Amino acid sequence: MSLKILVHLSLFCFVIALSPALLAQDDPDAGGKGDEPGKPDKGDKDAKIVVPADESVTTEDTVTVNGQLVPYRVTVGTQPVWDDDGGPVASMFYTYYERSDVEDQAARPLVVSFNGGPGSASLWMHIAYTGPRLLEIDSEGFPVQPYGIRENPHSILDVADIVYVDPVNTGFSRILNDANRSQFFGVNEDVRYLARWLGTFVTRRGRWTSPKFLIGESYGTTRVSGLAAELQGSEWMYLNGVILVSPTGLGIERDGPVDAALPLPYYAATAWFHEKLDATLQGRDLDSLLAEVEAFTLDDLIPGLARGGSLPADRRANLEQRYARYSGLKLPLVEQYNLAVPTSFFWKELLRDEGLTVGRLDSRYRGFDREDAGTSPDFDPALSSWNHAFAPAINHYLRDVLGYDTDLQYWVFGPVHPWNRDGDRTGRQLQQAMGQNPYLHVLVQSGYYDGATDYFSAKYTMWNMDPAGRFQDRMSWKGYRSGHMMYLRAEDLKTANDDIRAFIAGALPGAGTPAKR
């Protein structure tokens, strides 16, 4: 039974009207879960609701991780975003876990966790990956009823404290008064206000001496890559590590032949999973197969695509045949698309003969469209499945278990558009942060069946974020036989958390070790 300690720090409360015009905005952008339908339901939610800018509720509990009983405090609450004049312009919701049997926090790592979208709340990694509680799903990530939560025996709370942050207009976070929306919703705008907010959070919680890590998923990787540099430059806060889960392109250029070729290894992995390859390839181990397809992509396909119409006919035919063989697609289709098959067409085509589509965020999932004809699926069966399970679980957990009392709707996907994508240099910014900070390490985690942020593009980003190869000894990549949220597969939940645990340990320098090259 949990011992609840109610700690209300209500410094500011605001009454806002939830504008139907605001709620009606969709999220059309690519790059994460937030680009799928999932808008807040307007209903009668334009009634006035009190939004606390600064309050918290603390609960104590335990979790058993790897056979060890871990006691902890969890604080759910809000902390303001301040403007330049010191006035609150937004209320930011967070969930903060601290191991409660640690006497000295100076050596205790702090992990700050973000999801993506942009426009997605932090629930995904919170109640399915690193936190001490898991939502009820089966071993492959499909929803089960009754909805609910259970202990997470693989949580990283044994080795690090964690705070899950809902950016403005996601979860229970809201803009206050008539604050200008444009100060929050953009690549660089997002990074700037979150850096200020984190500076305040670290100060309030007395964590300046703790080793600090950022973890982001999908668009959250864009966010934390930019934050690594912004925290160093504006808050003088230096990190030990950044974890990129299913990363975006981070502003690293890849147009033309490179962009067209990079999805092929993902196509091969998906076709292998659905047994659409020829018998020779299908009988191979996935890792061995993918190494071959990656080499073909880099050494043959990209150079061939770069030749365009000048590519000799015999070489073109050879590339088309190999592309079709590796992708599981019919040769005439590969020819029609000039060796550049769009991902949306692949999701529609691979299982078309069976009347099925494959998922975008996790291509192990299969869906039914209204009709088999067409060039793209009607919906992503992976995201639909996840929404089915996550929304009930997070509302039950925050409201009923942790005791956070509010009439606000929890925005799984919130209204954050238009989103200013100009000036995305986040990959370059992360590289610069690594150059300035010899303590800073980077871990990339990718699912082989992720069609939104495919695993081979993640490798390309790592290689070209550091073209001189100066930081490769501080960068590592891990692949998993799952999708965008690899942790939904029970086997990968354990492995991926163990990889984070090992990464944290490896990024902590020995006592007295100087930060020098």
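Since the model is a prediction, treat every value here as computed from it, not as a measurement. Sequence order as written defines the numbering, with residues in each chain counted from 1. In keeping with the predicted nature of the model, local features appear solely for residues at pLDDT of at least 70, side-chain atom pairs appear and are counted solely at 80 or more, and the whole-chain, interface and lining totals rest on all residues. Hydrogens and waters are ignored; side-chain quantities use all the structure's heavy atoms.

**A closer look at the overall build of the chain**
Defined as follows: Note on conventions: DSSP H or I runs of at least 4 residues are helices, E runs of at least 2 residues are strands, and numbering of each starts at the N terminus. Note that the radius of gyration is over C-alpha atoms, with the globule rule given as 2.2 Å times the number of residues to the power 0.38. In this scheme, a residue with accessible area under 20% of its type's maximum is buried, one over 50% is exposed, and one in between is partly exposed, where area comes from a 1.4 Å probe on protein chains only. In what follows, a contact means two residues having at least one pair of non-hydrogen atoms within 4.5 Å.
If you tally the helices and strands in the chain, you get 15 helices and 17 strands. For the chain, whose C-alpha radius of gyration is 23 Å, the value lies close to the compact-globule estimate of 24 Å for 517 residues. Here the C-alpha coordinates of the chain stretch approximately 70 × 60 × 45 Å along the principal axes. Counting the 517 residues in the chain, one finds 58% classified as buried. In the chain, once contacts between residues fewer than 6 apart in sequence are set aside, the share between residues at least 24 apart is 73%.

**Notes on the side chain of Glu55**
To be explicit about the condition: In the analysis that follows, any N or O atom pair within 3.5 Å is treated as a polar contact, provided that within protein one partner can donate a hydrogen and the other can accept it, and provided that, for residues neighboring in sequence, both atoms belong to side chains.
Residue placement: Glu55 occurs in strand β4 (residues 55-65). Within polar-contact distance, the side chain of Glu55 engages the side chain of Tyr404 at 3.4 Å.

**Considerations on the pattern of salt bridges**
For the record, the criterion: Should a side-chain nitrogen of Lys or Arg be within 4 Å of a carboxyl oxygen of Asp or Glu, the pair is scored as a salt bridge.
The full count for this structure, using the stated rule, is 28 salt bridges. Residue Arg481 is joined to Asp285 by a salt bridge in which the shortest nitrogen-to-oxygen separation is 3.2 Å. Note that Arg481 is positioned in the loop between β17 (475-480) and α15 (490-506) and Asp285 in the loop between α7 (279-282) and α8 (286-307), a separation of 196 residues in sequence. Judged by relative accessible area, which is 42%, Asp285 ranks as partly exposed. Through salt bridges with shared partners, one network takes in Glu140, Asp362, Arg364, Arg489, Glu491 and Asp492.

**A few points about the packing of helix α4 (residues 219-235) against helix α13 (residues 426-436)**
Condition: Lines fitted to C-alpha atoms define the axes here, with helix axes fitted over just the stretch in contact, and angles between the N-to-C directions of these axes take values from 0 to 180 degrees. Orientation is classified from the angle alone, with under 35 degrees giving roughly parallel, over 145 giving roughly antiparallel, 65 to 115 giving roughly perpendicular, and any other angle giving oblique. Two helices crossing with the near one rotated counterclockwise from the far one by less than a right angle form a left-handed crossing, whereas a clockwise rotation gives a right-handed crossing. Charged residues are taken to be Asp, Glu, Lys and Arg, nonpolar residues to be Ala, Val, Leu, Ile, Met, Phe, Trp, Tyr, Cys and Pro, and polar residues to be all remaining types, Gly included.
α13 packs onto α4 with a crossing angle of 40 degrees between their chain directions and a minimal axis gap of 8 Å. Considered as vectors, α4 and α13 are oriented oblique to each other. The handedness of the crossing between α4 and α13 is left-handed. Contact residues: α4 offers Thr222, Ser225, Gly226, Ala228, Ala229 and Gln232, while α13 offers Thr426, Gln429, Leu430, Ala433 and Gln436. Its residues assigned to classes, the contact of α4 with α13 comprises 4 nonpolar, 7 polar and no charged.

**Things to note about the nonpolar core**
Keep this limit in mind: Working definition of a nonpolar core: buried Ala, Val, Leu, Ile, Met, Phe, Trp, Tyr and Cys residues. They are joined through side-chain atoms within 4.5 Å.
In this structure, Val81, Val168, Phe184, Leu227 and Val242 are the most contacted members of the largest nonpolar core, which totals 92 residues. Val81 has contacts with Gly87, Pro88, Val89, Ala90, Met92, Val168, Phe184, Tyr193, Arg196 and Trp197, leaving out every residue within four places of it along the chain.

**Structural notes on the pairing of strand β10 (residues 161-166)**
Keep this limit in mind: Two strands pair if DSSP finds at least two bridges between them.
Within β10, 6 of the 6 residues are buried, leaving the element largely enclosed by the surrounding structure. Burial along β10 is two-sided: the residues Asp161, Val163 and Val165 and Ile162, Tyr164 and Asp166 are all buried. Sheet topology places strand β6 (residues 88-99) next to β10; 5 bridges connect them, and they run antiparallel. Considered in β10, the bridge of Tyr96 is made with Val163. Of the pairings in the sheet, the one linking strand β7 (residues 110-114) to β10 comprises 4 bridges and is parallel in character. Following the sheet pairing, Val111 is matched in β10 by Ile162.

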